Amino acid sequence: MDDKVKKIITPEKCEIFAKNCIERGREDLALQAKERAVQLRAEGYGAETQAEREALEAVYAYEEVLSTKNGKKTRAGRTWQMISRHGIIGAVERAVNRPTETQGYTSLVEMGLEDYAFENVILRYPDLFSEQAVSISRERMEHWQNS
């Protein structure tokens, strides 16, 4: 990550920086600023473990995708409800165990944020999730990488 981006201390300043970078044709720095905003938001939420922080980063990255797609700030309302009810890890587990794929993976890839997919978080911390969630995540990642 560029030193200029590392020095930004708020998500809002990251957004301004990213917008300015896009206007100046520096999409690479804009992407880094968006990633930094995701990291700062996750840190601000108060995750207790690295896995929870990465799961929160996935939620914030998905919100970034939604906001870009909708042209306005968009929250992942249902995901936040699940986090409130079941905790961070429980919400990720439930999202991945659904019969349909988690929304937004293709959009995450298009924005260069594919590492933030819930499935990737599960595969990085398989001991925290059920065998079923790990298996589903592995299958989906293989499918997406082969597509």
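Residues numbered from 1 in each chain as written. Predicted model: local features only at pLDDT ≥ 70, side-chain atom pairs only at ≥ 80, totals over all residues. Heavy atoms only, no water.

## Comments concerning the nonpolar core
Counting 34 residues, the largest nonpolar core has L56, W80, I83, F118, I122 and F129 as its most contacted members. Among the secondary structure elements, those contributing two or more residues to this core are helix 3 (27-45), helix 4 (50-70), helix 5 (77-96), helix 7 (118-124) and helix 8 (131-146). Of the residues forming this core, the biggest block, ten residues, is contributed by helix 4. Leave out the neighbours within four places in its chain, and L56 touches A42, Y45, A47, W80, I83 and I88. Residues V5, C21, A30 and A33 belong to the second largest nonpolar core, which totals six residues. (Core = buried A, V, L, I, M, F, W, Y, C linked by side-chain atoms within 4.5 Å. Buried < 20%, exposed > 50% of the residue type's maximum accessible area, 1.4 Å probe, protein only. Helix = DSSP H or I, 4+ residues; strand = E, 2+ residues; numbered from the N terminus. Contact = heavy atoms within 4.5 Å.)

## What about the packing of aromatic side chains?
How two aromatic rings sit relative to each other is given by the distance of their centres and the angle of their planes. For the structure shown, the criterion picks out two aromatic pairs. Among the aromatic residues, ring-to-ring pairing joins Y45, Y60 and W80 into one connected group. (Phe/Tyr/Trp six-rings, centres within 6.5 Å; stacked < 30°, edge-to-face > 60°.)

## Re the side chain of R41
Relative to the helices and strands, R41 is located in helix 3. Not counting the four nearest positions on each side in its chain, R41 is found in contact with P11, E15, Y60 and K73.

## Here we look at the layout of surface pockets
Rolling a probe over the atoms, with the probe sized like a water molecule, indicates the empty space that remains. The computed volume of the second largest pocket comes to approximately 190 Å³. In terms of lining, the second largest pocket is formed by E15, R41, Y60, E63, E64, S67, T68, G71, K72, K73, T74 and R75. The greatest single-element share of the lining of the second largest pocket, amounting to five residues, is contributed by helix 4. Here the lining of the second largest pocket is composed, by residue class, of one nonpolar, four polar and seven charged. (1 Å grid on protein atoms, 1.4 Å probe; cavity = no way out; pocket = protein on both sides within 12 Å on 5 of 7 lines; lining within 4 Å. Points joined across faces, edges and corners; volume = space filled by probe spheres on them. Nonpolar A, V, L, I, M, F, W, Y, C, P; charged D, E, K, R; others polar.)

## Things to note about the pattern of salt bridges
Within this structure, the stated rule accounts for seven salt bridges. Note that E15 is salt-bridged to K73, the shortest N-O span being 3.0 Å. Linking E15 in helix 2 (residues 11-23) with K73 in the loop between helix 4 and helix 5, this pair joins segments that are 58 residues apart in sequence. What makes E15 partly exposed here is its relative accessible area of 32%. Classification of K73 as exposed rests on a relative accessible area of 59%. Ionic pairing is found between E63 and R75, a salt bridge with its closest N-O pair at 4.0 Å. Residue E63 is located in helix 4, and its partner R75 is located in the loop between helix 4 and helix 5; the two are separated by twelve residues in the primary sequence. Residue classification places E63 among the buried residues on the basis of a relative accessible area of 9%. In this structure R75 comes out as exposed when scored by relative accessible area, which is 57%. Connected through salt bridges with shared partners, the residues E15, R41 and K73 form a single ionic network. (Salt bridge = Lys/Arg side-chain N within 4 Å of Asp/Glu carboxyl O.)

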